[in-house]
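Results of the structural survey
Listed here are the chains, written in short residue letters.
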Amino acid sequence: MPDAAHSNQTAPANPTSPMNSAEEPPPYGGPGSTDSTGSTGVSGSTGASGAAGGAPRAPGADAPAAPPRRVRTLDLIKAKAEGRRWAMLTSYDQYTAALFEQAGVEALLVGDSAANNVFGHATTLPVTVDELIPLARAVASATNRALVVADLPFGSYEISDEQAVATAVHFMKEAGVHAVKLEGGATMASRIKAITTAGIPVMAHIGFTPQAEHNLGGYKVQGRGEAGAALLDDARAVAEAGAFSVVMEMVPSGLAGQVTSELSIPTVGIGAGAQTDAQVLVWQDMAGLRTGRAPRFVKRYADLHSVLTEAVGTYVDEVKSGAFPEPERGFD
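Everything in this summary refers to the structure shown in the same document.

Analysis parameters
- Residues numbered from 1 in each chain as written.
- Predicted model: local features only at pLDDT ≥ 70, side-chain atom pairs only at ≥ 80, totals over all residues.
- Heavy atoms only, no water.
- Helix = DSSP H or I, 4+ residues; strand = E, 2+ residues; numbered from the N terminus.
- Buried < 20%, exposed > 50% of the residue type's maximum accessible area, 1.4 Å probe, protein only.
- Areas by Shrake-Rupley, 256 points an atom, 1.4 Å probe, with all protein chains shown as cover.
- Pairing = 2+ DSSP bridges.
- Axes fitted to C-alpha atoms, helices over the stretch in contact; angles between N-to-C directions.
- Polar contact = N/O pair within 3.5 Å; in protein donor to acceptor, adjacent residues only side chain to side chain.
- Contact = heavy atoms within 4.5 Å.

Helix and strand content of the protein chain: 11 helices and 8 strands. Per-residue burial for the protein chain yields a buried fraction of 43% across its 332 residues. Within the structure as shown, the protein chain displays about 16,700 Å² of accessible surface, and the carbon and sulfur contribution to it stands at 55%.

Structure representation (structure tokens):
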């Protein structure tokens, strides 16, 4: 796959640092905001003009490099065929989307998990299409390489194939995502076929499906014992219906490995062991922003909760003591 992009926008060289220019930088950043060197961080873009020591550049040296190519569903299928694994994370905003893409994440999921991690609900069920569309638009707009997949929320595709296609089209047109994801196996095969026939890539989701948690009796591993045959049937059904990939959540590792070896489309594991073609985690879990008890399949790679708590505490203390803002942060 192509190397990871280093930002979400291309921009011409900027020889003047925005912090030293007469014009103040945008106060809230944004997709085109620059760092303190004046560089956007885009692969191939330049910061200060001219070579070291003021030597002239060769003709065309200042021309920006071509933007990186977007990861496509066929790239992920090819990666499976070549035995290359890839990583997926959730994202719900421009800053994490650009950062994750820069770090090499090939696919970003604007999940209905925003219900829990953005809107403060206890489950994924309450989140709506209208709530997810702006989040998906932000992620798609902030990236130029990662494949952006949007969840179809509960109630937006179950009624009929026509409803499913209409919702998927809404996400593609209004948010600019590159694929959609829906939960369910064989029972959702007709929905997958209808959406893909409309020209929209679909990522399926089997095993534990959070939107059906009440029907499943809570957060439980799926596919153990005799239930493994039904999960295999689900995997085959979504692949035959045209899904380009399938998420398996809370599935026994051996069964997930069996599915992975049988299907020609990539499998994405979350609580499904190490034999899948890819892995996905909710980024707030992965980075340790969310505290408390976590599912056993979650690995915390950082402790952002502690980092932010300390930073905010210092800010509060400095405001109360008068240490912030310092004189140099004011204007004459």
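With that out of the way, let us pick up the sheet that holds strand β8 (residues 278-281). As a general point, the strands of a sheet are linked pairwise by backbone hydrogen bonds and lie either parallel or antiparallel. Taken in spatial order, the 8 strands close into a barrel running β1-β2-β3-β4-β5-β6-β7-β8, and their pairing is parallel. Strand-to-strand, the axes of this sheet are offset by a mean angle of 25 degrees, without reference to chain direction.

It is worth spelling out unusual backbone geometry at this point. Backbone torsion omega between Phe324 and Pro325 reads 5 degrees, so that peptide bond is classified as cis. Mapped onto the elements, Pro325 comes out in the segment after α11 (304-321).

Below, the discussion takes up the side chain of Thr260. Considering the arrangement of structural elements, one finds Thr260 in helix α9 (residues 253-262). Thr260 sits in the buried class, given a relative accessible area of 8%.

By the burial criterion, the buried members of helix α2 (residues 94-102) are Thr96, Ala97, Ala98, Phe100 and Glu101. N-cap assignment for α2: the residue whose side-chain oxygen lies 3.0 Å from the backbone N of Tyr95 is Asp93. A positive phi of about 105 degrees marks Gly104, the residue just after α2.

In this fold, Gln279 is placed in strand β8. Gln279 sits in the partly exposed class, given a relative accessible area of 34%. Taking C-alpha positions, Gln279 is 8.3 Å from Thr267, a pair spaced 12 residues apart along the chain. Here Gln279 is in contact with Trp86, Ala87, Met88, Val268, Gly269, Ile270, Gly273 and Ala274, once residues within four sequence places are set aside. Polar contacts involving the side chain of Gln279 include one to the main-chain carbonyl oxygen of Gly273, which spans 3.0 Å.

The values are spatial; any link to function lies outside them.
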